[in-house]
Amino acid sequence: NNNMSNIKNKRPLFQPRKQPLSLRQVLSLDYIPRPTLQSPDDVLIKTKYVGVQYPDALQAQGLYQVRPPLPYVPGMDATGVVIDVGHNAAKEYNIKAGDRVMTTMLDQGGNGACAEIITSPASLVYKIPNDLHLSTCANIGRNYFAAYHSLKTIGCVN
């Protein structure tokens, strides 16, 4: 949709800080250019829901072990609707415009989902069945990864 290419993309942005501050002191709402497909494997998604967990708050305050370069856009997991698809993503992953999907932003260091429009590699995009509400899938990535790590890596459960 070329007519949408000039639309600005609203997203929260965490600003640089010298010491831990409250979320209200480090968060701003800014507008950035709308992302485009950078690769034939990319999927462009209109975000509907984003998972926000405790590590996001810690990270925003500079208290988490992972500290992305500032400023950055928070959010690891998102659900939404596909608005554009690279040709490899469409062919190899059977993803098309209009699909309801969940993605995790692991390719961007676990950040970037809190934007109105996001890009993600098709390998990190998962279709959501029509009978499942998008909001129920918004926290799957980070919560699943934490549970898996706890059971498999720390607990040595086979």
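Note that the coordinates shown come from a computational prediction; the quantities given were computed from them, not determined experimentally.

> Hey, could you run me through the overall build of the protein in this one?
Along its length, the protein carries four helices and seven strands. Its helices and strands in sequence order give the protein the pattern β-α-β-β-α-β-α-β-β-β-α, from N to C terminus. Of the contacts made within the protein by residues no fewer than 6 positions apart, 73% connect residues no fewer than 24 positions apart. Summing over all exposed atoms, the protein offers an accessible surface of approximately 9200 Å²; the carbon and sulfur share of this is 56%.

> So what exactly am I meant to see when it comes to the sheet that holds strand S6 (residues 117-121) here?
Within a sheet, neighbouring strands are paired by backbone hydrogen bonds and run either parallel or antiparallel to one another. Strand order in the open sheet formed by five strands is S6-S3-S4-S5-S7, with antiparallel pairing between adjacent strands. The open sheet terminates on both sides in strands that have one partner only, identified here as S6 and strand S7 (125-127). Across the sheet, the axes of successive neighbouring strands diverge by a mean angle of 45°, strand direction being ignored. Bridge count between strand S3 (residues 42-51) and strand S4 (residues 77-85): eight bridges; the pairing is antiparallel.

> Please explain the nonpolar core as it appears in this structure.
As a rule of thumb, nonpolar side chains are buried together in soluble globular proteins. Val43, Ile45, Val82, Ile95, Ile118 and Val125 are the most contacted members of the largest nonpolar core, which has 14 residues in total. At the level of secondary structure, the elements contributing two or more residues to this core comprise S3 and S4. A per-element tally of this core places S4 first, with three residues. Every residue in contact with Val43, bar those within four places of it in the chain, is listed here: Leu37, Val82, Asp84, Ala89, Ile95, Ile118, Thr119, Ser120, Ala122 and Val125.

> Honestly, unusual backbone geometry in this entry has me stumped. Any pointers?
Along the chain, Leu70 connects to Pro71 via a cis peptide bond; the corresponding omega equals -10°. Here Pro71 is to be found in the loop between helix H2 (54-60) and S4. The backbone phi angle of Asn94 is positive, close to 55°, even though this residue is not glycine. Position of Asn94 relative to the elements: it lies in the loop between helix H3 (87-93) and strand S5 (100-104).

> Help me understand the pattern of salt bridges in this model?
When charged atoms on two side chains of opposite charge get close, those side chains can pair. As enumerated under the stated definition, the model contains two salt bridges in all. When the shortest N-O distance is used, the salt bridge between Asp99 and Lys127 registers 3.6 Å. Here Asp99 is found in the loop between H3 and S5, whereas its partner Lys127 is found in strand S7, with 28 residues between them in sequence. Its relative accessible area of 42% is what places Lys127 among the partly exposed residues. When salt bridges with common partners are traced through the structure, they connect Lys96, Asp99 and Lys127 into a single cluster.

> Is there a simple way to think about the environment of Ile45 in this case?
For Ile45, the position within the fold is in strand S3. Exposure remark for Ile45: the relative accessible area of 2% places this residue in the buried category.

> Would you explain the confidence of the model for the protein in this entry?
Model confidence for the protein is summarised by a mean pLDDT of 85, while 88% of its residues fall at 70 or above. Within the protein, strand S1 (residues 8-14) has the poorest average pLDDT of any element, 67, and S4 the best, 97.

> So what exactly am I meant to see when it comes to helix H4 (residues 140-154) here?
Since the α-helix turns once every 3.6 residues, residues separated by three or four places project in the same direction. Here H4 is 15 residues long and its end C-alpha atoms lie 20 Å apart, about the 21 Å a rise of 1.5 Å per residue gives. Looking one or two residues past H4, Cys156 carries a phi angle of roughly 55°, positive in sign.

The rules behind each value
- Residues numbered from 1 in each chain as written.
- Predicted model: local features only at pLDDT ≥ 70, side-chain atom pairs only at ≥ 80, totals over all residues.
- Heavy atoms only, no water.
- Helix = DSSP H or I, 4+ residues; strand = E, 2+ residues; numbered from the N terminus.
- Contact = heavy atoms within 4.5 Å.
- Areas by Shrake-Rupley, 256 points an atom, 1.4 Å probe, with all protein chains shown as cover.
- Pairing = 2+ DSSP bridges.
- Axes fitted to C-alpha atoms, helices over the stretch in contact; angles between N-to-C directions.
- Core = buried A, V, L, I, M, F, W, Y, C linked by side-chain atoms within 4.5 Å.
- Buried < 20%, exposed > 50% of the residue type's maximum accessible area, 1.4 Å probe, protein only.
- Salt bridge = Lys/Arg side-chain N within 4 Å of Asp/Glu carboxyl O.
- pLDDT = per-residue confidence, 0-100.
- Expected span 1.5 Å × (residues − 1).

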